[in-house]
Amino acid sequence: PYDGPDPLKVCDNDGTYDADSSNGTIRLENVPCGNYSITEVTAPQGYLIVTGSQNVTVTDNQTATADFTDSKGCSGCLKICKYEDKNGNGNHTAGEPWLLGWSFNISGPDGYFETVTTGDGQLSDGGLGCGECDYCVTICDLTPGEYNVTEVTPLPEGWTNTDPGGDPPYVKPVVVLCGETSTVEFGNQQECTGCLKICKYEDKNGNGKRDYGEPYLSGWNFTVTDSQGNSWNVTTGNGQLSDSGLGCGECDYCVTICDLTPGEYSVTEVTPLPEGWTNTDPGDGSLKKMVTVECGKTSTVEFGNQGPCSGCLKIYKYEDRDGDHQKDYGEPYLSGWEFTVTDSQGNSWSGTTNRDGYVTICDLATGQYNVTETQKDGWTNTDPGDGSLKKTVTVECGRTTTVKFGNQRPCSGCLKIYKYEDKNGNGRKDWGEPYLSGWEFTVIDSQGNSWSGTTNRDGYVKICALVPGQYNVTETSKYGWTNTDPRGTPPSKLVEVRCGSTTTVKFGNQREYRPPCANATSESPNSTLTEALGEGDMSSVTNTTNTTGEMSAGYGSHQGS
């Protein structure tokens, strides 16, 4: 309830009206319509006038109301915060940080004036509790009433006030209430810059965009120009940023320029381009791209160029064993075969297949090439097999073209001739019958050509490089042996040699057995011995005849009489 002096003086522009008060309300009736200013002039002892003058408008048959607040033995706090208005919208947005070290002047009732600085986050001893006051400044024990908070100028270099904004002085009014903390915020934006990252890539397939595996290139020059005509010349490859630049991620072989005012920039590739290179991105002949630099960000622009277009030829040589004009499973590749590659201008390259059966020739301009095989004696070309020994192939940009040639060896076969001891004389090789070494065989073809050989310790002789066809195989007989496979004289067999295979033939012989000295007489003491041992053994035989007509002979470790 109002307990002040009575009557109150309520004045308008024409004079003074008196009115009685009850319950803290003053009601004036029959007031002429118009605009009025209502000011609380004095307050009772122990009260502080909080509300200043108020303006009201009185209209016909309406009641205009003005509320005034006084405080009694009470104080409040004032909290001042400075934030970085990164987006410059004049409002504190989530993520925009509070700033320390900013100064403000505070003026208030009864000539109050104080200068404070953000950043201490502290309250005076008699102040209220502090919640989120980091980098703000709070002043307490203030008489409730209206205060003006003014940001101290000049501002730090590179900063602009955005809240409240406009021209200085930057002032905000605030009312301090009894027992409360009133907060006022100011926003400033730092001069905004951004970065521009320029990358040059090798557009290997020439499709005008960077694909996986296409590398960035160093040493390419660009000119960057802003809307005012200011320009910068840069070269890819350093991967560096200016000292005040933003962070750099994948900047290898790119170049980044920072401290750029936000706005539109043109980036132009410097000509002439290196010999043999063509711009494919943007690829419209302008060699220029427009890019927008944004505040606090790095804008990236890429240019693509395709290098001198070339490809490779990989030439294989295989042995076409079955002569079917194609490489089949199991047919080996061949080393040591020479090929010549010729382009449409008559330029030529040559190479020889390696141990893996191929030769690769690279750095060939795109187009058609003739690949020609150098023939070898004794071989027949089967792929292509048309007698030309040549194939025409197309080399494509950035690719390896493969071509294969097939050759067949001269068609031949082998003969493998076995000699075995036919102990039981049944004309076939049985288990346990050994093979014999040292037996000579002669092979004769239909033209009368002949080959000969002697069985080795494993009992066979192998004769190869025989043209397919029929051959007569004849054994050279030995004394003391009887031919049982085949029978007859001379012991021979007719066999057929086939291309790429080995034909096997066996001959069997049985030792002859004669009782020693069965037919010896005094007239011819050596006849039976000669037959028993064999004529070829006689050089090792010594004969003696005693007075009774008996004969003894010594042959190696054997004794006979």
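The structure we're discussing is the one just above.
Residues numbered from 1 in each chain as written. Predicted model: local features only at pLDDT ≥ 70, side-chain atom pairs only at ≥ 80, totals over all residues. Heavy atoms only, no water.

(A) Here's a closer look at the overall build of the protein. Looking only at helices and strands, the protein has one helix and 43 strands in total. For the protein, the computed accessible surface area is about 32200 Å², with 44% contributed by carbon and sulfur atoms. (Helix = DSSP H or I, 4+ residues; strand = E, 2+ residues; numbered from the N terminus. Areas by Shrake-Rupley, 256 points an atom, 1.4 Å probe, with all protein chains shown as cover.)

(B) Here's a closer look at the packing of aromatic side chains. Counting across every chain of the model gives 17 aromatic pairs. Ring geometry for tyrosine 112 and tyrosine 147: centres 5.8 Å apart, planes at 80 degrees, overall edge-to-face. Separated by 35 residues along the polypeptide, tyrosine 112 in strand S11 (residues 112-117) and tyrosine 147 in strand S13 (residues 145-151) bring together distant segments of the chain. Residue class for tyrosine 112 comes out partly exposed when judged on its relative accessible area of 22%. In this structure tyrosine 147 comes out as buried when scored by relative accessible area, which is 2%. (Phe/Tyr/Trp six-rings, centres within 6.5 Å; stacked < 30°, edge-to-face > 60°. Buried < 20%, exposed > 50% of the residue type's maximum accessible area, 1.4 Å probe, protein only.)

(C) Inspection of the sheet that holds S11 at higher detail. Spatial ordering of the open sheet is given by S11-S10-S13-S15, a layout of four strands whose pairing is antiparallel. Strands at the two margins of the open sheet, each flanked by one partner only, are S11 and strand S15 (170-176). Geometrically, the sheet is characterised by an average inter-axis angle of 25 degrees between neighbouring strands, direction not taken into account. (Pairing = 2+ DSSP bridges. Axes fitted to C-alpha atoms, helices over the stretch in contact; angles between N-to-C directions.)

(D) Structural detail: the state of the cysteines. In the structure shown here, the tally under the stated rule is six disulfides. Here cysteine 312 pairs with cysteine 362 through a disulfide, and the sulfurs are 2.0 Å apart. The sign of the S-S torsion, about 110 degrees, decides the handedness of the disulfide formed by cysteine 312 and cysteine 362: right-handed. Of this pair, cysteine 312 sits in strand S25 (residues 310-319) while cysteine 362 sits in strand S28 (residues 358-365); the two residues are 50 residues apart in sequence, bridging distant segments of the chain. Assessed through its relative accessible area of 36%, cysteine 362 is described here as partly exposed. (Disulfide = S-S within 2.5 Å.)

(E) The sheet that holds strand S19 (residues 231-235), seen in detail. Strand order across the open sheet formed by four strands is S19-S18-S21-S23, with antiparallel pairing between neighbours. Looking at strand neighbours, the two that pair on one side only are S19 and strand S23 (288-293), the edges of this open sheet. Along the sheet, successive strands turn relative to each other by an average axial angle of 25 degrees, direction set aside. Here four bridges tie strand S18 (residues 221-225) to strand S21 (residues 263-269), and the two strands are oriented antiparallel to one another. By the bridge assignment for S21, valine 224 is matched with valine 267.

(F) Highlighting the environment of lysine 172. Mapped onto the fold, lysine 172 is located in strand S15. Taking the C-alpha atoms as reference points, lysine 172 and threonine 150, separated by 22 residues in sequence, lie 6.5 Å from one another. With sequence-adjacent residues up to four places away left out, lysine 172 is seen in contact with Tyr147, Asn148, Val149, Asp163, Pro164, Val184, Glu185 and Phe186. A distance of 2.5 Å separates the side chain of lysine 172 from the backbone oxygen of glutamate 185, its partner in a polar contact. (Contact = heavy atoms within 4.5 Å. Polar contact = N/O pair within 3.5 Å; in protein donor to acceptor, adjacent residues only side chain to side chain.)

(G) Just the pattern of salt bridges, in detail. Applying the stated criterion across every chain, the model contains twelve salt bridges. Note that glutamate 475 is salt-bridged to lysine 419, the shortest N-O span being 2.4 Å. Here the residue glutamate 475 occupies a position in strand S37 (residues 469-475), and lysine 419 occupies one in strand S33 (residues 413-421), the gap between them amounting to 56 residues. Like glutamate 475, the residue lysine 419 is buried in the burial classification. Arginine 511 is paired through a salt bridge with glutamate 421; the nearest N and O atoms lie 3.2 Å apart. Here the residue arginine 511 occupies a position in strand S40 (residues 502-511), and glutamate 421 occupies one in strand S33, the gap between them amounting to 90 residues. (Salt bridge = Lys/Arg side-chain N within 4 Å of Asp/Glu carboxyl O.)

(H) Geometry of the side chain of glutamate 433. Looking at the secondary structure, you find glutamate 433 in the loop between S33 and strand S34 (440-445). For the buried glutamate 433, which has no salt bridge, the nearest side chain bearing the opposite charge is lysine 429, at an N-O separation of 5.6 Å. Separated by 2.8 Å, the side chain of glutamate 433 and the backbone nitrogen of aspartate 430 make a polar contact. Non-local contacts of glutamate 433, meaning those with residues more than four positions away in its chain, are made with Tyr420, Glu421, Asp422, Lys423, Asn424 and Arg428. (Lys, Arg positive; Asp, Glu negative; His and termini not counted.)

(I) Summary view of the environment of glycine 208. Tracing the backbone shows glycine 208 in the loop between strand S17 (194-202) and S18. Residue glycine 208 is classed as partly exposed on the basis of its relative accessible area, which comes to 23%. Placed 71 residues apart in sequence, glycine 208 and asparagine 279 show a C-alpha to C-alpha distance of 8.6 Å. Once residues lying within four places of it in the same chain are set aside, the contact partners of glycine 208 are Tyr201, Asp203, Thr280 and Asp281.

(J) Spotlight on the nonpolar core. One finds Leu78, Ile80, Phe104, Ile106, Val116 and Val149 to be the most contacted residues of the largest nonpolar core, which totals 19 residues. Taken together, the elements giving at least two residues each to this core come down to strand S9 (76-84), strand S10 (103-108), strand S12 (137-142), S13, S15 and strand S16 (181-190). For isoleucine 80, the residues in contact, after removing those within four places along its chain, are Phe104, Ile106, Val116, Thr118, Cys136, Val137, Ile139, Val149, Val184 and Phe186. (Core = buried A, V, L, I, M, F, W, Y, C linked by side-chain atoms within 4.5 Å.)

(K) Region of the structure containing the pairing of S37. One ladder, built from five bridges, connects S34 with S37; its direction is antiparallel. Paired with isoleucine 444 across the strands is asparagine 472, a residue of S37. The pairing of S37 with strand S39 (residues 492-497) spans six bridges and is antiparallel. Residue threonine 474 lies in a different strand from S39, and its bridge partner there is serine 492.

(L) Molecular detail of the pairing of S9. Counting buried positions along S9 gives nine out of nine residues, so the element sits mostly inside the fold. Residues Gly76, Leu78, Ile80, Lys82 and Glu84 point to one face of S9 and Cys77, Lys79, Cys81 and Tyr83 to the other, with burial holding for every one of them. Inspection of the sheet shows S9 paired to S12 by four bridges, in the antiparallel sense. When the bridges of S12 are listed, leucine 78 appears paired with isoleucine 139. With eight bridges connecting them, S9 and S16 associate as parallel partners. Its bridge partner lying in S16, leucine 78 is registered against serine 182.

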